[in-house]
Amino acid sequence: MIDRILYGRFYKGDSMSRMTKEEVKQRVCKAIVDAQPRLRELAESIMAEPELGFKEVKTSKKVQAMFDELGISYTTGHALTGVKGRMKGRDSKYTVAMVGELDAILCPRHPRADDLTGAAHCCGHNVQITNMFAVAMGLQAVMDELAGDVVLFAVPAEEMIEIDYRNKLREQGKLKYMGGKQQLIYEGAFDDIDMAMQMHVETTKTPAGEMGLGSTSNGFVSKLIEYHGKVAHAAQAPHEGINALNAALMGVMGVNSIRETFKESDYFRFHPIINQGGTLVNCVPDYVQVESYVRASNIEAIVDGNHRVNRALKAGGDAVGATCVINDLPGYLPMRNDARMNEMLRQNSNPLFGEENVFQGEHMTASTDMGDVSHLMPVIHPWVGCINGVLHSAEYEISVPDVAYIKTAQALAMTIVDLLYDDAAGAKDVLDNFTPALNKQSYIELLDRIAKGKSEPPVLRLVLIFFVELVRKKRKYY
(Lines give C-alpha, C1' and ligand atoms only; values in the text may rest on other atoms or scores of the structure.)
Protein backbone atom coordinates (compact mmCIF):
# COMPACT_ATOMS: atom_id res chain seq x y z
CA MET A 1 0.00 0.00 0.00
CA ILE A 2 2.83 2.43 0.86
CA ASP A 3 4.54 1.68 -2.47
CA ARG A 4 1.28 2.41 -4.27
CA ILE A 5 0.95 5.82 -2.66
CA LEU A 6 4.63 6.75 -2.79
CA TYR A 7 5.36 5.74 -6.33
CA GLY A 8 2.02 5.09 -8.03
CA ARG A 9 3.17 1.68 -9.22
CA PHE A 10 -0.35 0.47 -9.80
CA TYR A 11 -1.43 3.35 -12.04
CA LYS A 12 -3.02 1.89 -15.18
CA GLY A 13 -2.34 3.62 -18.45
CA ASP A 14 -2.44 7.26 -19.48
CA SER A 15 -6.18 7.70 -19.81
CA MET A 16 -7.64 10.32 -17.48
CA SER A 17 -11.22 9.10 -17.87
CA ARG A 18 -13.07 7.25 -15.14
CA MET A 19 -10.24 7.55 -12.65
CA THR A 20 -11.13 6.62 -9.11
CA LYS A 21 -9.99 8.88 -6.30
CA GLU A 22 -7.33 6.32 -5.38
CA GLU A 23 -6.02 6.32 -8.96
CA VAL A 24 -5.92 10.12 -8.94
CA LYS A 25 -3.90 10.06 -5.74
CA GLN A 26 -1.49 7.47 -7.14
CA ARG A 27 -0.87 9.59 -10.21
CA VAL A 28 -0.33 12.69 -8.08
CA CYS A 29 2.17 10.94 -5.81
CA LYS A 30 4.14 9.51 -8.73
CA ALA A 31 4.36 12.94 -10.37
CA ILE A 32 5.81 14.39 -7.16
CA VAL A 33 8.49 11.69 -7.06
CA ASP A 34 9.30 12.18 -10.74
CA ALA A 35 9.70 15.94 -10.24
CA GLN A 36 12.23 15.67 -7.40
CA PRO A 37 15.39 16.66 -9.31
CA ARG A 38 13.85 19.98 -10.39
CA LEU A 39 12.27 20.57 -6.99
CA ARG A 40 15.51 19.97 -5.09
CA GLU A 41 17.26 22.34 -7.49
CA LEU A 42 14.70 25.03 -6.66
CA ALA A 43 15.06 24.45 -2.91
CA GLU A 44 18.83 24.83 -3.16
CA SER A 45 18.56 27.94 -5.32
CA ILE A 46 16.33 29.69 -2.79
CA MET A 47 18.52 28.52 0.10
CA ALA A 48 21.56 30.05 -1.61
CA GLU A 49 20.04 33.54 -1.89
CA PRO A 50 17.99 34.26 1.25
CA GLU A 51 16.09 37.54 1.46
CA LEU A 52 14.25 39.24 4.31
CA GLY A 53 10.58 40.15 4.36
CA PHE A 54 9.22 42.57 1.75
CA LYS A 55 12.67 42.43 0.09
CA GLU A 56 12.28 39.00 -1.58
CA VAL A 57 12.88 40.27 -5.11
CA LYS A 58 15.16 37.44 -6.31
CA THR A 59 13.02 34.76 -4.68
CA SER A 60 9.88 36.19 -6.25
CA LYS A 61 11.55 36.07 -9.67
CA LYS A 62 12.45 32.41 -9.11
CA VAL A 63 8.83 31.62 -8.29
CA GLN A 64 7.66 33.44 -11.41
CA ALA A 65 10.17 31.51 -13.52
CA MET A 66 8.81 28.22 -12.14
CA PHE A 67 5.25 29.23 -12.98
CA ASP A 68 6.40 30.08 -16.51
CA GLU A 69 8.15 26.73 -16.79
CA LEU A 70 5.01 24.87 -15.71
CA GLY A 71 2.67 26.98 -17.85
CA ILE A 72 0.65 28.13 -14.83
CA SER A 73 -0.90 31.59 -15.05
CA TYR A 74 -0.04 33.96 -12.21
CA THR A 75 -0.19 37.54 -10.96
CA THR A 76 2.53 39.49 -9.15
CA GLY A 77 2.94 42.41 -6.78
CA HIS A 78 0.78 41.02 -3.98
CA ALA A 79 2.01 42.73 -0.78
CA LEU A 80 4.97 44.00 -2.83
CA THR A 81 6.65 40.67 -3.68
CA GLY A 82 3.94 37.98 -3.52
CA VAL A 83 3.14 35.76 -6.51
CA LYS A 84 -0.23 34.02 -6.97
CA GLY A 85 -0.76 31.20 -9.45
CA ARG A 86 -3.98 29.38 -10.22
CA MET A 87 -4.73 25.94 -11.67
CA LYS A 88 -8.30 25.54 -12.90
CA GLY A 89 -10.31 22.41 -12.18
CA ARG A 90 -13.09 20.85 -14.22
CA ASP A 91 -15.45 23.10 -12.24
CA SER A 92 -14.57 25.98 -9.94
CA LYS A 93 -16.92 25.31 -7.05
CA TYR A 94 -14.29 25.98 -4.39
CA THR A 95 -10.71 27.19 -4.27
CA VAL A 96 -8.01 25.65 -2.08
CA ALA A 97 -4.74 27.56 -1.59
CA MET A 98 -1.37 25.94 -1.08
CA VAL A 99 0.78 28.60 0.57
CA GLY A 100 4.56 28.96 0.68
CA GLU A 101 6.52 31.78 2.29
CA LEU A 102 9.25 33.71 0.49
CA ASP A 103 11.21 35.30 3.32
CA ALA A 104 14.20 34.21 5.37
CA ILE A 105 15.17 35.01 8.97
CA LEU A 106 18.18 36.86 10.41
CA CYS A 107 20.81 34.34 11.49
CA PRO A 108 24.32 35.61 10.62
CA ARG A 109 26.03 32.57 12.19
CA HIS A 110 24.31 30.05 9.93
CA PRO A 111 26.76 28.54 7.38
CA ARG A 112 24.45 29.54 4.51
CA ALA A 113 23.75 33.07 5.73
CA ASP A 114 24.08 36.00 3.34
CA ASP A 115 27.38 37.77 4.07
CA LEU A 116 25.87 41.23 3.72
CA THR A 117 22.41 40.94 5.28
CA GLY A 118 22.80 38.02 7.72
CA ALA A 119 19.65 36.44 6.24
CA ALA A 120 19.40 32.65 6.19
CA HIS A 121 16.72 30.09 5.35
CA CYS A 122 17.04 28.35 8.72
CA CYS A 123 13.29 28.89 9.00
CA GLY A 124 12.53 26.34 6.27
CA HIS A 125 10.61 28.69 4.01
CA ASN A 126 12.54 27.48 0.96
CA VAL A 127 11.09 24.04 1.80
CA GLN A 128 7.60 25.58 1.85
CA ILE A 129 8.02 27.07 -1.62
CA THR A 130 9.34 23.73 -2.86
CA ASN A 131 6.34 21.92 -1.37
CA MET A 132 4.02 24.42 -3.00
CA PHE A 133 5.47 23.56 -6.40
CA ALA A 134 5.58 19.84 -5.60
CA VAL A 135 1.83 19.98 -4.94
CA ALA A 136 1.36 21.93 -8.18
CA MET A 137 3.37 19.44 -10.22
CA GLY A 138 1.53 16.54 -8.62
CA LEU A 139 -1.93 17.96 -9.30
CA GLN A 140 -1.34 19.56 -12.67
CA ALA A 141 -2.19 16.46 -14.73
CA VAL A 142 -5.33 15.59 -12.74
CA MET A 143 -7.06 18.97 -12.47
CA ASP A 144 -9.77 17.77 -14.88
CA GLU A 145 -10.77 15.23 -12.23
CA LEU A 146 -11.32 17.96 -9.60
CA ALA A 147 -14.34 20.22 -9.14
CA GLY A 148 -12.39 23.15 -7.81
CA ASP A 149 -9.37 25.37 -8.37
CA VAL A 150 -5.98 25.27 -6.66
CA VAL A 151 -4.16 28.51 -5.89
CA LEU A 152 -0.38 28.37 -5.46
CA PHE A 153 0.43 31.39 -3.33
CA ALA A 154 4.01 32.48 -2.63
CA VAL A 155 3.64 35.08 0.10
CA PRO A 156 6.09 37.55 1.67
CA ALA A 157 7.18 38.56 5.13
CA GLU A 158 5.90 35.92 7.55
CA GLU A 159 8.78 36.54 9.96
CA MET A 160 7.83 39.68 11.90
CA ILE A 161 11.31 41.21 12.07
CA GLU A 162 12.83 44.60 11.28
CA ILE A 163 9.75 46.24 12.77
CA ASP A 164 11.22 49.73 12.49
CA TYR A 165 11.88 49.21 8.76
CA ARG A 166 8.39 47.86 8.14
CA ASN A 167 6.81 50.64 10.14
CA LYS A 168 8.57 53.12 7.85
CA LEU A 169 7.11 51.32 4.81
CA ARG A 170 3.73 51.70 6.46
CA GLU A 171 4.30 55.40 7.15
CA GLN A 172 5.35 55.87 3.50
CA GLY A 173 2.08 54.34 2.34
CA LYS A 174 3.73 51.31 0.71
CA LEU A 175 2.05 48.98 3.19
CA LYS A 176 -0.88 49.19 5.54
CA TYR A 177 0.17 46.26 7.72
CA MET A 178 3.56 44.80 8.55
CA GLY A 179 2.85 41.07 8.18
CA GLY A 180 2.67 39.52 4.74
CA LYS A 181 -0.66 37.75 5.12
CA GLN A 182 -2.16 40.71 6.97
CA GLN A 183 -1.38 42.90 3.99
CA LEU A 184 -2.66 40.27 1.58
CA ILE A 185 -5.97 40.00 3.45
CA TYR A 186 -6.30 43.79 3.34
CA GLU A 187 -5.55 43.86 -0.41
CA GLY A 188 -8.21 41.23 -1.06
CA ALA A 189 -5.78 38.54 -2.21
CA PHE A 190 -7.59 35.92 -0.10
CA ASP A 191 -11.08 37.00 -1.18
CA ASP A 192 -11.29 34.34 -3.89
CA ILE A 193 -9.93 31.54 -1.68
CA ASP A 194 -12.18 29.26 0.40
CA MET A 195 -9.59 27.35 2.44
CA ALA A 196 -5.82 27.24 2.74
CA MET A 197 -2.94 25.05 3.85
CA GLN A 198 0.80 25.25 4.30
CA MET A 199 3.50 23.20 5.99
CA HIS A 200 6.42 24.06 8.25
CA VAL A 201 9.50 22.11 9.19
CA GLU A 202 10.50 21.28 12.75
CA THR A 203 13.12 19.22 14.58
CA THR A 204 12.67 15.52 13.94
CA LYS A 205 12.11 13.14 16.83
CA THR A 206 12.87 9.95 14.88
CA PRO A 207 15.22 9.11 12.00
CA ALA A 208 12.19 8.51 9.75
CA GLY A 209 10.57 11.92 10.35
CA GLU A 210 7.05 12.76 11.52
CA MET A 211 3.85 14.51 10.53
CA GLY A 212 2.62 16.76 13.34
CA LEU A 213 -0.96 17.84 12.67
CA GLY A 214 -1.39 21.53 13.36
CA SER A 215 -2.82 22.66 16.67
CA THR A 216 -2.98 26.12 18.24
CA SER A 217 -0.37 28.84 18.66
CA ASN A 218 0.25 32.09 20.45
CA GLY A 219 -0.69 35.39 18.94
CA PHE A 220 1.05 38.67 19.72
CA VAL A 221 1.12 42.44 19.68
CA SER A 222 4.27 43.94 18.18
CA LYS A 223 5.90 46.83 20.06
CA LEU A 224 8.33 49.67 19.43
CA ILE A 225 9.21 51.35 22.73
CA GLU A 226 11.11 54.64 22.86
CA TYR A 227 12.72 56.22 25.91
CA HIS A 228 13.59 59.91 25.61
CA GLY A 229 16.03 61.41 28.09
CA LYS A 230 18.54 64.25 28.12
CA VAL A 231 22.12 64.12 26.86
CA ALA A 232 25.03 65.16 29.07
CA HIS A 233 28.68 64.22 29.51
CA ALA A 234 28.65 60.79 31.12
CA ALA A 235 31.72 61.48 33.32
CA GLN A 236 31.86 65.24 33.75
CA ALA A 237 28.18 66.02 34.34
CA PRO A 238 25.95 62.92 34.50
CA HIS A 239 23.74 64.75 36.99
CA GLU A 240 22.68 67.09 34.20
CA GLY A 241 21.41 64.26 32.01
CA ILE A 242 18.45 61.88 32.01
CA ASN A 243 19.63 58.38 31.16
CA ALA A 244 17.23 56.79 28.68
CA LEU A 245 19.15 53.50 28.78
CA ASN A 246 18.66 53.20 32.53
CA ALA A 247 14.97 53.93 31.99
CA ALA A 248 14.74 51.12 29.41
CA LEU A 249 16.56 48.65 31.63
CA MET A 250 14.29 49.49 34.55
CA GLY A 251 11.25 49.14 32.34
CA VAL A 252 12.31 45.66 31.22
CA MET A 253 13.10 44.71 34.81
CA GLY A 254 9.65 45.94 35.75
CA VAL A 255 8.15 43.45 33.31
CA ASN A 256 10.38 40.72 34.70
CA SER A 257 9.09 41.55 38.20
CA ILE A 258 5.49 40.77 37.23
CA ARG A 259 6.14 37.62 35.17
CA GLU A 260 4.93 35.34 37.97
CA THR A 261 1.51 37.01 37.85
CA PHE A 262 0.75 35.71 34.35
CA LYS A 263 -1.19 32.46 34.16
CA GLU A 264 0.83 29.55 32.81
CA SER A 265 -2.18 28.42 30.77
CA ASP A 266 -1.93 31.64 28.74
CA TYR A 267 1.66 30.91 27.63
CA PHE A 268 2.65 34.56 28.11
CA ARG A 269 5.91 35.71 26.46
CA PHE A 270 7.79 39.03 26.44
CA HIS A 271 11.25 38.98 24.80
CA PRO A 272 12.70 42.45 24.13
CA ILE A 273 15.82 43.53 22.24
CA ILE A 274 17.48 46.95 22.26
CA ASN A 275 17.72 48.34 18.73
CA GLN A 276 19.42 51.55 19.79
CA GLY A 277 21.05 52.01 23.18
CA GLY A 278 22.91 55.30 22.91
CA THR A 279 25.33 57.10 20.60
CA LEU A 280 28.69 57.63 22.38
CA VAL A 281 30.04 55.95 25.48
CA ASN A 282 30.92 59.30 27.07
CA CYS A 283 27.44 60.71 26.56
CA VAL A 284 24.42 59.99 28.74
CA PRO A 285 22.06 58.12 26.38
CA ASP A 286 19.17 60.43 25.51
CA TYR A 287 17.36 58.04 23.14
CA VAL A 288 16.84 54.30 23.39
CA GLN A 289 14.61 52.10 21.24
CA VAL A 290 13.39 48.70 22.41
CA GLU A 291 11.54 46.18 20.22
CA SER A 292 9.49 43.29 21.49
CA TYR A 293 6.34 41.20 21.25
CA VAL A 294 3.74 40.49 23.87
CA ARG A 295 2.55 36.96 23.13
CA ALA A 296 -0.18 34.79 24.60
CA SER A 297 -2.44 31.93 23.59
CA ASN A 298 -5.68 33.93 23.38
CA ILE A 299 -6.80 37.45 22.59
CA GLU A 300 -7.94 38.29 26.10
CA ALA A 301 -4.55 37.32 27.56
CA ILE A 302 -2.73 39.30 24.85
CA VAL A 303 -4.75 42.44 25.56
CA ASP A 304 -4.51 42.16 29.34
CA GLY A 305 -0.82 41.22 29.26
CA ASN A 306 0.01 44.08 26.92
CA HIS A 307 -1.74 46.55 29.22
CA ARG A 308 0.30 45.38 32.21
CA VAL A 309 3.56 45.30 30.24
CA ASN A 310 2.99 48.89 29.11
CA ARG A 311 2.42 49.96 32.69
CA ALA A 312 5.74 48.44 33.76
CA LEU A 313 7.62 49.90 30.81
CA LYS A 314 6.32 53.40 31.52
CA ALA A 315 7.30 53.04 35.15
CA GLY A 316 10.93 52.66 34.05
CA GLY A 317 10.74 56.07 32.40
CA ASP A 318 9.02 57.62 35.40
CA ALA A 319 11.72 56.30 37.73
CA VAL A 320 14.49 58.38 36.11
CA GLY A 321 12.43 61.21 34.65
CA ALA A 322 12.54 59.98 31.06
CA THR A 323 9.60 59.93 28.67
CA CYS A 324 8.38 56.55 27.50
CA VAL A 325 6.54 56.37 24.17
CA ILE A 326 5.01 53.01 23.26
CA ASN A 327 3.90 52.25 19.71
CA ASP A 328 1.73 49.13 19.66
CA LEU A 329 1.48 47.61 16.19
CA PRO A 330 -0.66 44.77 14.86
CA GLY A 331 0.98 41.41 15.43
CA TYR A 332 -0.54 38.02 14.59
CA LEU A 333 -3.67 36.29 15.85
CA PRO A 334 -3.56 32.88 17.56
CA MET A 335 -3.55 29.91 15.21
CA ARG A 336 -6.49 27.52 14.76
CA ASN A 337 -6.47 24.38 12.58
CA ASP A 338 -9.65 23.01 11.03
CA ALA A 339 -10.54 19.61 12.51
CA ARG A 340 -11.99 18.08 9.34
CA MET A 341 -9.07 19.10 7.15
CA ASN A 342 -6.68 17.86 9.83
CA GLU A 343 -8.39 14.47 9.79
CA MET A 344 -8.06 14.25 6.00
CA LEU A 345 -4.37 15.04 6.34
CA ARG A 346 -4.02 12.38 9.02
CA GLN A 347 -5.57 9.69 6.84
CA ASN A 348 -3.31 10.62 3.93
CA SER A 349 -0.21 10.77 6.13
CA ASN A 350 -0.65 7.45 7.94
CA PRO A 351 0.49 5.17 5.07
CA LEU A 352 3.35 7.53 4.20
CA PHE A 353 4.80 8.15 7.66
CA GLY A 354 3.39 5.19 9.59
CA GLU A 355 0.57 5.77 12.09
CA GLU A 356 3.06 5.89 14.97
CA ASN A 357 4.70 8.92 13.36
CA VAL A 358 1.50 10.90 12.74
CA PHE A 359 0.22 12.75 15.78
CA GLN A 360 -1.78 15.73 16.95
CA GLY A 361 0.61 18.59 17.67
CA GLU A 362 0.67 20.49 20.95
CA HIS A 363 0.15 24.21 21.48
CA MET A 364 2.93 26.26 19.90
CA THR A 365 4.15 29.31 21.81
CA ALA A 366 5.59 30.86 18.65
CA SER A 367 3.32 32.67 16.19
CA THR A 368 2.48 32.76 12.50
CA ASP A 369 0.42 35.08 10.34
CA MET A 370 -1.36 31.98 9.07
CA GLY A 371 -3.24 32.39 12.36
CA ASP A 372 -4.83 35.52 10.91
CA VAL A 373 -6.00 33.57 7.87
CA SER A 374 -7.40 30.83 10.12
CA HIS A 375 -9.84 33.32 11.65
CA LEU A 376 -11.36 33.92 8.21
CA MET A 377 -11.40 30.46 6.59
CA PRO A 378 -10.56 26.81 7.27
CA VAL A 379 -6.79 26.33 7.51
CA ILE A 380 -4.30 23.59 8.30
CA HIS A 381 -0.67 24.23 9.20
CA PRO A 382 1.16 20.95 9.91
CA TRP A 383 4.64 20.78 11.45
CA VAL A 384 6.83 18.20 9.74
CA GLY A 385 9.78 16.66 11.56
CA CYS A 386 12.63 16.64 9.06
CA ILE A 387 15.46 18.83 10.42
CA ASN A 388 18.35 18.66 12.86
CA GLY A 389 19.05 21.62 15.09
CA VAL A 390 16.61 24.28 16.21
CA LEU A 391 14.59 26.54 13.95
CA HIS A 392 16.22 29.94 13.48
CA SER A 393 19.58 28.62 14.74
CA ALA A 394 23.00 28.18 13.14
CA GLU A 395 22.65 24.41 13.62
CA TYR A 396 19.55 24.12 11.41
CA GLU A 397 19.83 21.60 8.55
CA ILE A 398 17.51 19.29 6.62
CA SER A 399 18.06 15.75 7.93
CA VAL A 400 15.25 13.77 6.23
CA PRO A 401 14.93 15.23 2.71
CA ASP A 402 12.42 12.63 1.52
CA VAL A 403 10.06 13.79 4.27
CA ALA A 404 10.74 17.46 3.53
CA TYR A 405 10.21 17.25 -0.21
CA ILE A 406 8.26 14.06 -1.05
CA LYS A 407 6.05 12.65 1.71
CA THR A 408 4.81 15.99 3.00
CA ALA A 409 3.91 17.22 -0.48
CA GLN A 410 2.17 13.94 -1.25
CA ALA A 411 0.09 14.09 1.94
CA LEU A 412 -0.96 17.70 1.25
CA ALA A 413 -1.71 17.08 -2.42
CA MET A 414 -3.83 14.03 -1.57
CA THR A 415 -5.71 16.14 0.98
CA ILE A 416 -6.55 18.60 -1.81
CA VAL A 417 -7.81 15.66 -3.86
CA ASP A 418 -10.06 14.66 -0.94
CA LEU A 419 -11.41 18.19 -0.84
CA LEU A 420 -12.08 18.67 -4.56
CA TYR A 421 -12.79 15.17 -5.91
CA ASP A 422 -16.35 13.82 -6.15
CA ASP A 423 -17.91 17.18 -7.01
CA ALA A 424 -15.88 18.84 -4.19
CA ALA A 425 -17.93 17.07 -1.52
CA GLY A 426 -15.04 17.24 0.95
CA ALA A 427 -14.67 21.00 0.60
CA LYS A 428 -18.42 21.47 0.97
CA ASP A 429 -18.43 19.44 4.19
CA VAL A 430 -15.55 21.49 5.62
CA LEU A 431 -17.19 24.81 4.80
CA ASP A 432 -20.64 23.71 6.00
CA ASN A 433 -19.14 23.00 9.42
CA PHE A 434 -16.90 26.07 9.68
CA THR A 435 -17.82 29.32 11.41
CA PRO A 436 -15.32 32.13 10.85
CA ALA A 437 -14.23 33.95 13.97
CA LEU A 438 -13.91 37.20 12.02
CA ASN A 439 -14.86 38.46 8.59
CA LYS A 440 -12.56 40.65 6.51
CA GLN A 441 -14.13 43.88 7.70
CA SER A 442 -14.05 43.05 11.41
CA TYR A 443 -10.49 41.73 11.02
CA ILE A 444 -9.30 45.00 9.49
CA GLU A 445 -11.14 46.99 12.16
CA LEU A 446 -9.36 44.98 14.86
CA LEU A 447 -5.92 45.61 13.37
CA ASP A 448 -6.68 49.30 12.89
CA ARG A 449 -7.63 49.70 16.54
CA ILE A 450 -4.26 48.27 17.56
CA ALA A 451 -2.40 50.42 15.02
CA LYS A 452 -4.05 53.55 16.40
CA GLY A 453 -2.84 52.68 19.89
CA LYS A 454 -6.31 51.84 21.14
CA SER A 455 -5.46 48.37 22.37
CA GLU A 456 -6.52 48.72 26.00
CA PRO A 457 -8.87 45.99 27.28
CA PRO A 458 -12.24 47.76 26.88
CA VAL A 459 -11.75 48.38 23.15
CA LEU A 460 -11.52 44.70 22.20
CA ARG A 461 -14.43 43.44 24.28
CA LEU A 462 -16.59 42.80 21.21
CA VAL A 463 -13.96 40.45 19.81
CA LEU A 464 -13.60 38.70 23.16
CA ILE A 465 -17.36 38.28 23.43
CA PHE A 466 -17.39 36.72 19.97
CA PHE A 467 -14.81 34.15 21.03
CA VAL A 468 -16.78 33.36 24.18
CA GLU A 469 -19.81 32.73 21.98
CA LEU A 470 -17.79 30.34 19.84
CA VAL A 471 -16.87 28.37 22.92
CA ARG A 472 -20.46 28.31 24.11
CA LYS A 473 -21.54 26.92 20.75
CA LYS A 474 -18.81 24.28 21.08
CA ARG A 475 -17.22 25.05 17.73
CA LYS A 476 -14.31 22.64 17.37
CA TYR A 477 -10.81 23.75 16.50
CA TYR A 478 -7.54 21.89 16.96
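Because the structure is a prediction, the values reported are computed rather than measured.

Caption draft 1: View of helix α10 (residues 339-353). With 15 residues, α10 extends 20 Å between its outermost C-alpha atoms, agreeing within 8% with the 21 Å of an ideal straight helix rising 1.5 Å per residue. In terms of burial, α10 is largely enclosed, as 11 of its 15 residues are buried. For α10, the set of buried residues is Ala-339, Met-341, Asn-342, Met-344, Leu-345, Asn-348, Ser-349, Asn-350, Pro-351, Leu-352 and Phe-353. The opening residue of α10, the one whose side-chain oxygen lies 3.2 Å from the backbone nitrogen of Arg-340, is Asp-338. Where α10 terminates, the next one or two residues include Gly-354, which has phi positive at roughly 90°.

Caption draft 2: Spotlight on unusual backbone geometry. Positive phi, normally seen in glycine, also occurs at His-392, with a value near 70°. One non-glycine residue, Asp-422, lies in positive phi territory at about 55°. Take Asp-422: it is sitting in helix α12 (residues 401-432).

Caption draft 3: Highlighting the sheet that holds strand β7 (residues 195-197). Judged by pairing direction, the sheet is mixed, and its six strands sit side by side in the order β1-β2-β6-β3-β7-β16 without closing on themselves. Of all the strands in the sheet, just β1 (74-78) and β16 (379-380) have a single pairing partner and so form its edges. Across five bridges, the pairing between strand β2 (residues 82-87) and strand β6 (residues 148-155) is antiparallel. Bridge pairing in β6 links Lys-84 to Phe-153.

Caption draft 4: Structural context of the nonpolar core. Core analysis: the biggest nonpolar cluster contains 81 residues, and Val-63, Phe-133, Leu-139, Met-197, Leu-419 and Leu-420 have the highest contact counts within it. No other element matches the 16 residues that α12 contributes to this core. Each residue touching Phe-133, except ones within four places of it in the same chain, is listed here: Leu-39, Leu-42, Val-63, Met-66, Phe-67 and Leu-70. In this structure, Leu-175, Leu-333, Leu-438 and Tyr-443 belong to the second largest nonpolar core, which totals 31 residues.

Caption draft 5: Representation of the packing of helix α4 (residues 57-70) against helix α5 (residues 125-139) within the structure. Relative orientation of the contacting elements α4 and α5 amounts to 10°, with a least axis distance of 12 Å. Relative to α5, α4 is oriented roughly parallel. Between α4, through Val-63, Met-66, Phe-67 and Leu-70, and α5, the contact on the second element is made entirely by Ile-129, Met-132, Phe-133 and Met-137. Considered class by class, the residues forming the contact of α4 with α5 number eight nonpolar, no polar and no charged.

Caption draft 6: Representation of α5. Here α5 spans 21 Å end to end across 15 residues, near enough to the 21 Å set by a 1.5 Å rise per residue. Counting buried positions along α5 gives 15 out of 15 residues, so the element sits mostly inside the fold.

Caption draft 7: Main features of the side chain of Ser-215. Residue position: Ser-215 is located in the loop between β9 (210-213) and β10 (219-228). Reaching out from Ser-215, the side chain makes a polar contact with the backbone oxygen of Gly-361 at a distance of 3.4 Å.

Caption draft 8: Up close: the pairing of β10. Within β10, eight of the 10 residues are buried, leaving the element largely enclosed by the surrounding structure. One ladder, built from 10 bridges, connects β10 with strand β13 (residues 287-296); its direction is antiparallel. Each residue of the ladder has a partner; that of Val-221, found in β13, is Val-294. The sheet contact formed by β10 and strand β14 (residues 323-330) spans eight bridges and is antiparallel. For Ser-222, the partnering residue across the bridge sits in β14 and is Leu-329.

Rules behind the numbers
- For every chain, the first residue of its written sequence is number 1, and the numbers climb from 1 along that sequence.
- Under the rules for a predicted model, residues below a pLDDT of 70 receive no local features and side-chain atom pairs below 80 are neither given nor counted, while totals for whole chains, interfaces and linings still include all residues.
- With hydrogens and water excluded, all non-hydrogen atoms of the structure serve as input to the side-chain values.
- Note on conventions: DSSP H or I runs of at least 4 residues are helices, E runs of at least 2 residues are strands, and numbering of each starts at the N terminus.
- Every helix has an expected span of 1.5 Å times one less than the residues it contains.
- Relative accessible area decides the class of each residue, using a 1.4 Å probe on protein chains only: under 20% of the type maximum gives buried, over 50% gives exposed, and in between gives partly exposed.
- As used in this structure description, the phrase polar contact means that two N or O atoms lie within 3.5 Å; if the pair is within protein, one of them must be able to donate a hydrogen and the other to accept it, and residues adjacent in sequence are counted only when both atoms belong to side chains.
- The pairing criterion is simple: DSSP has to find at least two bridges between the two strands.
- Put simply, buried Ala, Val, Leu, Ile, Met, Phe, Trp, Tyr and Cys residues joined by side-chain atoms within 4.5 Å make one nonpolar core.
- Whether two residues are in contact is decided by their heavy atoms: any pair within 4.5 Å suffices.
- The axes used here are C-alpha line fits, helices contributing only the stretch in contact, and every angle between their N-to-C directions lies in the interval 0 to 180 degrees.
- Put simply, angles under 35 degrees are roughly parallel, angles over 145 are roughly antiparallel, angles from 65 to 115 are roughly perpendicular, and the rest are oblique.
- Residues are sorted three ways: Asp, Glu, Lys and Arg are charged, Ala, Val, Leu, Ile, Met, Phe, Trp, Tyr, Cys and Pro are nonpolar, and all the rest, Gly among them, are polar.

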